[in-house]
Amino acid sequence: MSLQNEQAEFAEVLFAEDEHTDSVIPSQNMIIYRNNMMTNLKQTLHNTYPMIAKLVGEDFFRVAIKEYIHLYPSRSGNLHDYGEYFSDFLAEYPPVKNLPYLVEVAKLEWACHQLHFASDHAALDMKSLAAIAPEQYDQIHFVLHPASRIIKFHYPILQIIDLCKGATNAQIDINEGGGVNLLIIRRHLDIMLQPLSPADFTFLCALQHHNSLSEALEEALRVDAEFNLEARLPAWIQDKTIVDVTR
Amino acid sequence: MKSTLQLTGIGLRTPHYAEFLEKRPGVAWIEVHSENYFGEGGKPLNILEQVRRDYPVSLHGVSLSIGSADELNWNHLKKLRDLSHRIKPCLISDHLCWSSINGHYLHDLLPIPYTEEALQHVVERIKQIQDYLQQQILIENISSYVEYNNSAIPECEFLSEVAKQSGCGILLDVNNIYVSASNMGHNPDKFIYAMAPDIVQEIHLAGFSTSNINGKEVMIDSHNRPVIPAVWDLYRKAVSHLGLKPTIIEWDSDLPSLETLCLEAYRAETIMREIYVPAKRTG
């Protein structure tokens, strides 16, 4: 048998619930490799999605991730890349179809996980702003920190986080509205969650979509005619939310 | 720990980061799993760069999948090269195994059949990797729980041939020799003495656990315990045959205190000096 066929068969045995293969002895020990593989993948998902585990309970989480591992095999040698599609999986997973807020929690956890390893960036030099005249606004783009994401949540995600952390025992009415727009950003190596006003959200979200400054400004003003870029910009540059300007 | 070790170090894992940076233990060097630092920034790289200022660092990979029939994962290799440029490691290593096929990763160190076909394949791949990284890599023997029926070459000969033909070095894991030999009924001493001293550039030591599979005890390479006396004995034989070799203590789950881990490194250094010095005088 060729190396290719031998390894394909080995992998098949690991994913099947049956140890039998004629290629190796003792074939009953194949279960060790399967256990190692499953333990590594399960531990990875558990590390990335602790709030999901908390919300659905450990027993249910174990069943769900086993299903996920079968549907979404790992495609990277780096375990930190594993789990990307967990929110998609939860959106389609029949047992939690009536718990759509889990999808948003999973999205938040994946975003935080990614930001943990995302690139660093130096602060933007304020002086580079002085050179920009308003008539150039349609040609320039502000760049958000590479370790940041702007996400709209329809459910009260901050209260859900507090609940998971044990910071509150209050009941949350999931359907009472309470959605929030968040800037999720890594500052001083730690991930911060910052609620945004509708106009700030719209403006930063436009930057995230690589829209020009004039487009972003227009969108923000449509949401709030009082939006004042000159008042907001220095803080965003100082706290490294905006880190670059390109033409 | 006050003493400063010359040759032995530890595998540094996340739960020990803060204490390691605060106490700066006197280990000679440290080793980390390369893939954990494949991100572009953030805390892991920040910590590793701080550690690197004071210690030589070895990048030990678990997913190059050198023995896989798949095409080499160039994206993975690029990340390793970027990390290597950033950290400037003293050594880069991975395992004589495969962990992916048809693009699917199985995240375990899986054995390859020790055949002529596999030998040529592995040699070719290591040459490609070394050309790409522009440096020699070390290849480590793994713990095995099964053997292929079509294996035709003893593992120790296979490993030596891989090194000879590809120009790579060997990272000899003494615990893995013990575990595989016990599981497969081989002689661990024979493995040690089959190694050419100049090709072995590093030694690994670790603890293992046992599991009962259908009524049979199997040793599992779990890196969750202290090194056992039989493995220390094998280490003594390795040092007396191979000479002084940089050694790393690996501990990956059920981590002990940093101090206990460093004491294992201290013990390895003490053994190495006891064994090697008299051998030199009489030799």
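Here the structure is shown first, and the text comes after it.
Residues numbered from 1 in each chain as written. Chains lettered and ligands numbered in written order. Predicted model: local features only at pLDDT ≥ 70, side-chain atom pairs only at ≥ 80, totals over all residues.

Undergrad: Lay out the sheet that holds strand β4 (residues 180–187) of chain A in plain terms, naming residues and giving numbers.
TA: For sheets, the rule is that strands pair by backbone hydrogen bonds, running either parallel or antiparallel. Residue and element names in this part refer to chain A. Here three strands make up an open sheet; going across it, the order is β3-β4-β5 and the pairing antiparallel. If you trace the sheet from one side to the other, it starts and ends with β3 (148–153) and β5 (190–195), each paired once. When strand polarity is set aside, the average angle formed by the axes of neighbouring strands in this sheet is 25°. Inspection of the sheet shows β4 paired to β5 by six bridges, in the antiparallel sense. Opposite I185, over in β5, you have M192 as the bridge partner. (Pairing = 2+ DSSP bridges. Helix = DSSP H or I, 4+ residues; strand = E, 2+ residues; numbered from the N terminus. Axes fitted to C-alpha atoms, helices over the stretch in contact; angles between N-to-C directions.)

Undergrad: So, helix α8 (residues 229–242) of chain B: which residues are in play, and what are the values?
TA: Residues and elements named next belong to chain B. Relative to the 20 Å expected for 14 residues at 1.5 Å per residue, α8 spans 20 Å between its end C-alpha atoms, a close match to the ideal helical length. Of all the positions in α8, only V231, L234, Y235, A238, V239 and L242 are classed as buried. One face of α8 carries all of its buried residues, which in axial projection span an arc of 140°. What points out from α8, more than 90 degrees from its buried face, is the exposed set P229 and A230. Immediately downstream of α8, the backbone of G243 shows phi near 90°, a positive value. (Expected span 1.5 Å × (residues − 1). Buried ≥ 20, exposed ≤ 12 C-beta atoms within 10 Å, placed from the backbone. Arc of directions from axis to C-beta.)

Undergrad: Explain the sheet that holds strand β9 (residues 169–173) of chain B residue by residue, including any values.
TA: All names here are of chain B. Strand order in the closed barrel formed by eight strands is β1-β2-β3-β4-β7-β9-β10-β13, and the pairing between neighbours is parallel. With direction set aside, neighbouring strand axes in the sheet form an average angle of 25°. Against the sheet, helix α6 (residues 174–184) touches β9 and β10 (200–206), its axis set at about 65° to β10. (Contact = placed C-beta atoms within 7 Å.)

Undergrad: Requested: an account of the nonpolar core, with residues and values cited.
TA: The biggest cluster of nonpolar side chains holds 137 residues, and the ones touching the most others in it are I139, V162 and V174 of chain B. Of the residues forming this core, the biggest block, eight residues, is contributed by helix α6 (residues 101–117) of chain A. Each of domain 1 (1–117) and domain 2 (120–247) of chain A accounts for three or more of the residues forming this core. In contact with V162 of chain B, not counting residues within four places along its chain, are L96, L119, V122, V123, I126, I139 and C168 of chain B. (Core = buried A, V, L, I, M, F, W, Y, C linked by C-beta atoms within 7 Å. Domains from an automatic or database assignment.)

Undergrad: Lay out unusual backbone geometry in plain terms, naming residues and giving numbers.
TA: Residue and element names in this part refer to chain A. Omega for the peptide link from I25 to P26 comes to -15°, which places this bond in the cis form. By secondary structure assignment, the location of P26 is in the loop between β1 (24–25) and α2 (30–48). Despite not being glycine, K240 has its phi angle at roughly 60°, a positive value. Turning to its location among the elements, K240 is positioned in the loop between α11 (229–238) and β6 (242–246). Residue K240 is classed as buried on the basis of its C-beta count, with 20 C-beta atoms lying within 10 Å.

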